[in-house]
Amino acid sequence: MEQEYKILNNGVKMPVLGLGVYKSGSDTKQAVKAALAAGYRHIDTAALYQNEDLVGEAIRESGIPREEIFITTKLWNDDMKNGTQMEAFENSLKRLGTDYVDLYLIHWPVSEALEQSWKVLEQIYREGRARAIGVSNCHMQHLMRVLAAATVVPAVNQVESHPYLNQKPLKTFCNNLSIAMEAWSPLGRGKVLDDPLIASLSASYNKTPAQIVLRWEIQNNWIVIPKSVHKARIEENAAVFDFELSREDMERMDGLNRDMHFGTDPDHFETRQW
Ligand code: NAD
């Protein structure tokens, strides 16, 4: 697989395609190994997913040098509320079995601890234990708060995005601040793949619906982290660098937006039980 990279606002190179491992459970290790064998060099995990240890084991057993693989993990909400951000980061490093991560994200913008947590991420960054730091699930009002307290501008904002939630205003806002956009649930958890337009593009490009969706996102300058634990789908999701959607078809895909969340909306996450 030919890999493509995005240069983050601090010069770090981030592969535009990664493997997501939310809810991959005990399949995580073989999924990460299958992804690395298929050419992925970017894995997206989180303390919440309880599989950082399996991600670390898979990477070590792959024999691929650590520095060739881009690892993202995330600071969980409880550690923001409890003031245990630094301990949480160190525990993530221990579970991953590495002494640095490539990208460390605030998982959700927990209101009572947002600025304070960003300061801890800045310290981790200054210490060289995260090559880049960023946020997740931040709408404009959350980002304004982070930026007002920041000396380091977040490198990435990872938010839900797929054809039914293309996040255009937020993306424009972030792009103007040189914050890269990363899409979680880039396949809409599989629920957008039966869309008639995507099916018709799949037929005309001779690519699968998942490949059409990922290609559209990559051409729109998103970093994508589709999840699968199945080797065939992991390989399928990576075969998106050998074709291009036309401008007309990109616009048709843009037209599918309906501001629909399949996951939690950051404006309402504080009442959700995980
Ligand atoms: P996704 O959009 O990647 O969908 C995954 C599902 O789509 C799979 O479970 C499978 O059912 C289906 N699928 C995958 N490949 C397919 C293919 N080729 N053909 C048909 N169906 C296919 O959804 P996701 O897992 O929610 O998101 C991806 C990753 O994003 C997660 O694993 C996680 O790493 C990250 N994430 C982050 C947050 C956050 O708050 N930051 C939230 C959710 C997910």
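Predicted, not measured: the structure shown is a model, and the values here were computed from it. (Residues numbered from 1 in each chain as written. Predicted model: local features only at pLDDT ≥ 70, side-chain atom pairs only at ≥ 80, totals over all residues. Heavy atoms only, no water.)

1. Regarding the packing of helix H9 (residues 209–219) against helix H11 (residues 247–254)
Running from N to C, H9 and H11 cross one another at 100°; their axes reach a closest spacing of 11 Å. By the angle between their directions, the pair H9 and H11 is classed as roughly perpendicular. Of H11, the residues touching H9 (which contributes Ile212, Val213, Trp216 and Gln219) are Met250, Met253 and Asp254. Considering only residue class, the contact of H9 with H11 consists of five nonpolar, one polar and one charged. (Axes fitted to C-alpha atoms, helices over the stretch in contact; angles between N-to-C directions. Helix = DSSP H or I, 4+ residues; strand = E, 2+ residues; numbered from the N terminus. Parallel < 35°, antiparallel > 145°, perpendicular 65-115°, else oblique. Contact = heavy atoms within 4.5 Å. Nonpolar A, V, L, I, M, F, W, Y, C, P; charged D, E, K, R; others polar.)

2. Considering the sheet that holds strand E7 (residues 130–136)
The strand order across the open sheet formed by eight strands is E3-E4-E5-E6-E7-E8-E9-E10, and the pairing between neighbours is parallel. Each edge of the open sheet carries a strand with a single partner, namely strand E3 (19–20) and strand E10 (223–224). When strand E5 (residues 70–75) meets strand E6 (residues 101–106), the two strands line up parallel, connected through four bridges. Residue Thr72 lies in a different strand from E6, and its bridge partner there is Leu103. (Pairing = 2+ DSSP bridges.)

3. Considerations on the packing of aromatic side chains
Counting across every chain of the model gives five aromatic pairs. Ring centres of Tyr22 and Tyr49 lie 4.8 Å apart, and the angle between their planes is 35°; this geometry places the pair in the tilted category. One end of the pair, Tyr22, is in the loop between E3 and helix H1 (28–37); the other, Tyr49, is in the loop between strand E4 (42–44) and helix H2 (52–62), with 27 residues separating them in the sequence. A relative accessible area of 24% means that Tyr22 is categorised as partly exposed. On the basis of relative accessibility, which here comes to 15%, the residue Tyr49 falls in the buried class. (Phe/Tyr/Trp six-rings, centres within 6.5 Å; stacked < 30°, edge-to-face > 60°. Buried < 20%, exposed > 50% of the residue type's maximum accessible area, 1.4 Å probe, protein only.)

4. Topic: the pairing of strand E9 (residues 180–184)
Here E9 lies mainly inside the structure; five of its five residues are buried. The two faces of E9 match: Ala180, Glu182 and Trp184 on one face and Met181 and Ala183 on the other face are all buried. Here strand E8 (residues 156–160) runs beside E9; their pairing, made up of five bridges, is parallel. Residue pairing for E9: Val156 is matched across the bridge by Ala180. Handedness of the crossover joining E8 and E9 through helix H7 (residues 168–176): right-handed. As judged from the two bridges shared by E9 and E10, these two strands associate in the parallel manner. Looking across to E10, one finds that Glu182 is bridged to Ile223. (Right-handed = clockwise from strand over helix to strand, strands pointing away.)

5. Details of the site of the ligand
Residues in contact with the ligand amount to 26 residues; listed here are only the nearest, Asp44, Gln158, Ser185, Leu187 and Arg189. A distance of 3.3 Å is found between an oxygen atom of the ligand and a backbone nitrogen or oxygen belonging to Pro186. In the environment of the ligand, an oxygen atom lies 2.9 Å from a nitrogen or oxygen atom belonging to the backbone of Lys227. For the ligand, the accessible surface in isolation is 840 Å², of which the surrounding protein chains cover 88%. Sort the elements by how many residues they give to the shell around the ligand and helix H10 (residues 231–238) lands first, with three residues. (Near = heavy atom within 4 Å. Polar contact = N/O pair within 3.5 Å; in protein donor to acceptor, adjacent residues only side chain to side chain. Areas by Shrake-Rupley, 256 points an atom, 1.4 Å probe, with all protein chains shown as cover.)

6. A word on H7
Among the residues making up H7, those that are buried are Leu170, Lys171 and Cys174. Down the axis, H7 shows its buried residues gathered within 100° of arc, on one side only. Seen from the open side of H7, the exposed residues pointing more than 90 degrees away from its buried face are Pro169 and Asn176. Those residues of H7 that are buried lie in contact with helix H6 (140–149), E8 and E9. (Arc of directions from axis to C-beta.)

7. Quick look at the packing of helix H8 (residues 196–205) against H9
The contact between H8 and H9 brings their axes to 8 Å, and the two run at 95°. Judged by the angle between their axes, H8 and H9 are roughly perpendicular. Contact with H8, carried on its side by Ile198, Leu201, Ser202 and Tyr205, involves Pro209, Ile212 and Val213 of H9 and no other residues of that element. Here the contact of H8 with H9 is built from residues that sort into six nonpolar, one polar and no charged.

Distances and angles like these do not, on their own, reveal function.
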